Amino acid sequence: MKITAVDTVVVGNPVPIKGGINWGFVKVTTDEGIIGWGEMNGMEFRDKSVVAIVHEYAEQFLIGRHDPFDIERLWGRLHGGDDTRFWHYFRNVGSLDGQVLGAIEMACWDIIGKAAGQPVYNLLGGRYHEKLRSYSYIYDWVPGEPPEKAGDGALAVLERGFSAIKFDPIFPMLPAPRSISLAELNYVDQVLAAIRDKVGNRMDLLIGTHGQLDSHSAIRLAKVLERYDPLWFEEPVPQENKQAMGLVARSTSVPIATGERLTTKWEFQQVLEHNAASIIQVNVGLNGLLESKKIAGMAEAHYASIAPWTYCGPVSAAASIQLDVCSPNFLIQEGIEDWTGFPAEILVEPIQWEDGFVIPSTRPGLGVELDEKVLAKYPPNEARLADLEPLLVAFDNMKPAIARYV
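Okay, so let's go over this structure. All of these numbers come straight from a predicted model, not from anything done at the bench. (Residues numbered from 1 in each chain as written. Predicted model: local features only at pLDDT ≥ 70, side-chain atom pairs only at ≥ 80, totals over all residues. Heavy atoms only, no water.)

1. Structural notes on the overall build of the protein chain
Note the threshold: Elements are defined by DSSP. Helices are runs of H or I of four residues or more, strands are runs of E of two residues or more, and each kind is numbered from the N terminus. For the exposure calls, accessible area comes from a 1.4 Å probe over protein chains only, and a residue counts as buried if that area is under 20% of its type's maximum, exposed if over 50%, partly exposed in between. What makes two residues a contact is simply this: any of their non-hydrogen atoms within 4.5 Å. Shrake-Rupley sampling with a 1.4 Å probe provides the accessible areas, and residues are treated as covered by the protein chains on show and by no other component.
Of regular secondary structure, the protein chain possesses 15 helices and 13 strands. Considering only C-alpha atoms, the protein chain reaches an extent of 65 × 45 × 45 Å along its principal axes. Counting the 406 residues in the protein chain, one finds 59% classified as buried. Contacts in the protein chain between residues at least 24 apart in sequence constitute 74% of all its contacts with a sequence separation of at least 6. For the protein chain, the accessible area works out to roughly 16,200 Å², and carbon and sulfur atoms hold 53% of it.

Written out as C-alpha cells, the structure is:
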C-alpha cells in the first residue's frame, strides 16, 4: 500500500469557539482507496505555516513513497534522523512540525485500522478500559468575576453528569513566569471555597495553569490548593524547566500534571526522571499515537497516570480515546464538554458520551469520519493576534476586580 495524496482542510470553529479558533484536518488517501483522517491541533495564528509544512513533508517524504503501515519509519523520516535516504538533520520536534507529524501519523493509523477491520486500540494492546472518565471546563465564569459564580458554574457541570471539572483561576497568562500577589492567592482561595460549597466532594477539581508562575509563587499557591484536595495542579511553572517543576512537586501534596506542550519520549523522560509530575497529559496531536503509547508505558513504569490533553477537534480526541482504551494507567480524558454541538455536527457519527464517560467506538480505525460537506460550510476564521486586544484589555481589568479579595 502507498500514500497517493495528502490533503488539508481548515475549518472555522464557530462562536463560542470552544477548543480553538480553527481546526485543521489532514486527509491521507492510499492507492487502495482507503482514506485516513488526522488533526493538526495547535494552529492558532500560524494556520498557513502548519498547512504548508504538511504539504511540503507529504511531497518530499510520503506521496508515492510511503506505506502507511510503516509507522516507525514514518516517525523516523519526519523526525529527521532514522532513514538516511530522507535525512533532514533536525531531530528536534517542536510544536509546528510535531503537530504535522502527529496528524499524518494518526491518519495512517486510521488507514491501518480500516484495512485490518479493527479499532486502533486493538492493534496497540487491546481493550483495557470499557469506558473512559472525562472532564470539562467551567465555561461561564472567568477569573475576576465573583467566586460564587464559579460555584454555580461548577454545579451546572456536575448536573450535566461530570464528576471532574477543570478551571484556570490565575489570569492573565502572560507575562510568564511571574510572581503572584496576595490578592490573587486570596481570590483563588475564595473561588475554591465557593466551588466546594456548591459541589462538595462530588467532583474532582483540576487546577489549570499554563506555566504562569515562578517556583516560589507556585509553591505558595499549592499551599492554598491543598486545603481543597484537587486532583492536580497543572503546569505550575513553564514546562521547559523540569527541575523547577520537580521542586514544586516536592513541596506539595497536590499531584502535579504536565505534558500538553511536550514533544517526544525524551522530553517526558526528563519529567519522570526529575519527579516533576505524576500525571502525564500527553498530547497525541503533538506526538502521534505510537509515540504516545511509548510515553504512556514510560509513565506506567514510574507509577504515573496519563490524562491526555484534548482542547481541539474531534479527530485528535478520537486518537486520544484509542490510546486511553489500551493504556492500563489511564486516569481521565479531557474533552470539549460532552462532544455535542459543533464537534458532533462535523462528524458522520458523534463521539459517544454517557454520564461523565466516553464510550469507545468499536468501528475500525480511529472510529470517526468527518463529513466533508459540513466542513465546507465553515471557512477558516481569519483571526490574528491583534484581534485579541479587547480580550487583553478585559484581562487587565480583572486585576482591580481581583484586588478587592485581599
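2. Quick look at the packing of aromatic side chains
Going by this rule: Under the pairing criterion, centres of Phe, Tyr and Trp rings, with the six-membered ring standing for Trp, must be within 6.5 Å; the plane angle then separates stacked pairs below 30 degrees from edge-to-face pairs above 60, leaving the rest tilted.
Considering all chains together, one arrives at nine aromatic pairs under this definition. Ring centres of Tyr57 and Phe61 lie 5.7 Å apart, and the angle between their planes is 65°; this geometry places the pair in the edge-to-face category. With a gap of four residues between them, Tyr57 and Phe61 both fall in helix α1 (residues 47–62), about one helical turn apart. We note that Tyr57, like Phe61, is buried. Relative to Trp353, the ring of Phe162 lies with its centre 4.7 Å away and its plane at 40°, an arrangement referred to as tilted. With Phe162 in the loop between α5 (147–159) and β5 (164–167) and Trp353 in strand β12 (residues 352–354), this residue pair connects regions lying 191 residues apart in the sequence. Grouped by ring-pair contacts, the aromatic residues Trp23, Phe342 and Tyr378 constitute a single cluster.

3. Remarks on the pattern of salt bridges
Quick note on the threshold: In what follows, salt bridge is the name for a side-chain nitrogen of Lys or Arg lying within 4 Å of a carboxyl oxygen of Asp or Glu.
A complete count under the given rule lists 20 salt bridges for this structure. Here Arg133 makes a salt bridge to Asp204, at a shortest N to O gap of 2.9 Å. A residue pair is termed long-range when its members are at least 10 positions apart, and Arg133 in strand β4 (residues 132–137) and Asp204 in strand β6 (residues 204–208) qualify at 71 residues.

4. Regarding the environment of Gly367
Residue placement: Gly367 occurs in the loop between β13 (357–359) and α14 (372–375). On the accessibility criterion, Gly367 (4% relative accessible area) is buried. Sequence separation of Gly367 and Gln270 is 97 residues, and the distance between their C-alpha atoms is 33 Å. Beyond its immediate stretch of four places on either side in the chain, Gly367 contacts Gln322 and Ser361.

5. Description of the nonpolar core
What counts is decided by this rule: What makes a nonpolar core is a set of buried Ala, Val, Leu, Ile, Met, Phe, Trp, Tyr and Cys residues whose side-chain atoms join them at distances within 4.5 Å.
Among the nonpolar cores identified, the biggest contains 114 residues, and Phe25, Phe167, Ile195, Phe233, Ile280 and Leu289 are the most heavily contacted of them. For this core, the element with the highest residue contribution is helix α3 (residues 95–116), accounting for ten residues. Excluding residues that lie within four positions of it along the chain, Phe167 makes contacts with Ile138, Trp141, Val191, Leu192, Ile195, Leu205, Leu206, Ile207 and Gly208. If you look at the next biggest cluster of nonpolar residues, it comprises nine residues, including Tyr135, Ala164, Ala307 and Ile332.

6. Describing the layout of surface pockets
We count it as follows: Here a cavity means grid points, on a 1 Å grid over the protein atoms only, where a 1.4 Å probe fits yet cannot get out; a pocket means an open set of points with protein on both sides within 12 Å along at least five of seven lines; lining residues are those with an atom within 4 Å of a point. Grid points are joined across faces, edges and corners, and a volume is the space filled by probe spheres set on the points. Residues are grouped as follows: Ala, Val, Leu, Ile, Met, Phe, Trp, Tyr, Cys and Pro are nonpolar; Asp, Glu, Lys and Arg are charged; every other residue, Gly included, is polar.
Considering only enclosed or pocket space, the second largest pocket measures out at about 160 Å³ in volume. Along its surface, the second largest pocket is lined by 13 residues, and Pro16, Lys18, Thr340, Phe342 and Pro343 are the ones closest to its centre. Here the lining of the second largest pocket is composed, by residue class, of eight nonpolar, three polar and two charged.

7. What to know about the pairing of strand β3 (residues 35–40)
Here is the key point about a regular strand: its side chains alternate between the two faces of the sheet. Put simply, the test is: Any two strands between which DSSP finds at least two bridges are classified as paired.
Here β3 lies mainly inside the structure; five of its six residues are buried. In the sheet, strand β2 (residues 22–30) pairs with β3 via six bridges, with the strands oriented antiparallel. Considered in β3, the bridge of Phe25 is made with Glu39. Between β2 and β3, which follow one another and run antiparallel, lie four residues, and Gly33 among them has a positive phi close to 80°.

8. Some thoughts on helix α6 (residues 182–199)
Test applied: By this rule the span expected of a helix is its residue count minus one, scaled by 1.5 Å.
Given a rise of 1.5 Å per residue, 18 residues ought to cover 26 Å, and the 26 Å separating the end C-alpha atoms of α6 matches this to within 8%. When we look at burial in α6, the residues that qualify are Ala183, Glu184, Leu185, Tyr187, Val188, Asp189, Val191, Leu192, Ala194, Ile195, Arg196 and Val199. Remark: Gly200 follows α6 within two positions and exhibits a positive phi of approximately 60°.

9. Points about the sheet that holds strand β1 (residues 3–12)
Hydrogen bonds between backbone atoms are what pair the strands of a sheet, whose relative direction is either parallel or antiparallel. Here is the rule we go by: Axis geometry follows a simple rule: fit a line to the C-alpha atoms, using only the stretch in contact for helices, then measure angles between N-to-C directions, giving values from 0 to 180 degrees.
Spatially, three strands are ordered β1-β2-β3 in an open sheet, and the strand pairing comes out antiparallel. In this open sheet, the two edge strands, each paired with only one partner strand, are β1 and β3. Looking at each pair of strands side by side, their axes are set apart by 20° on average, direction ignored. The sheet contact formed by β1 and β2 spans nine bridges and is antiparallel. Along β2, the bridge assignment pairs Val10 with Gly24.

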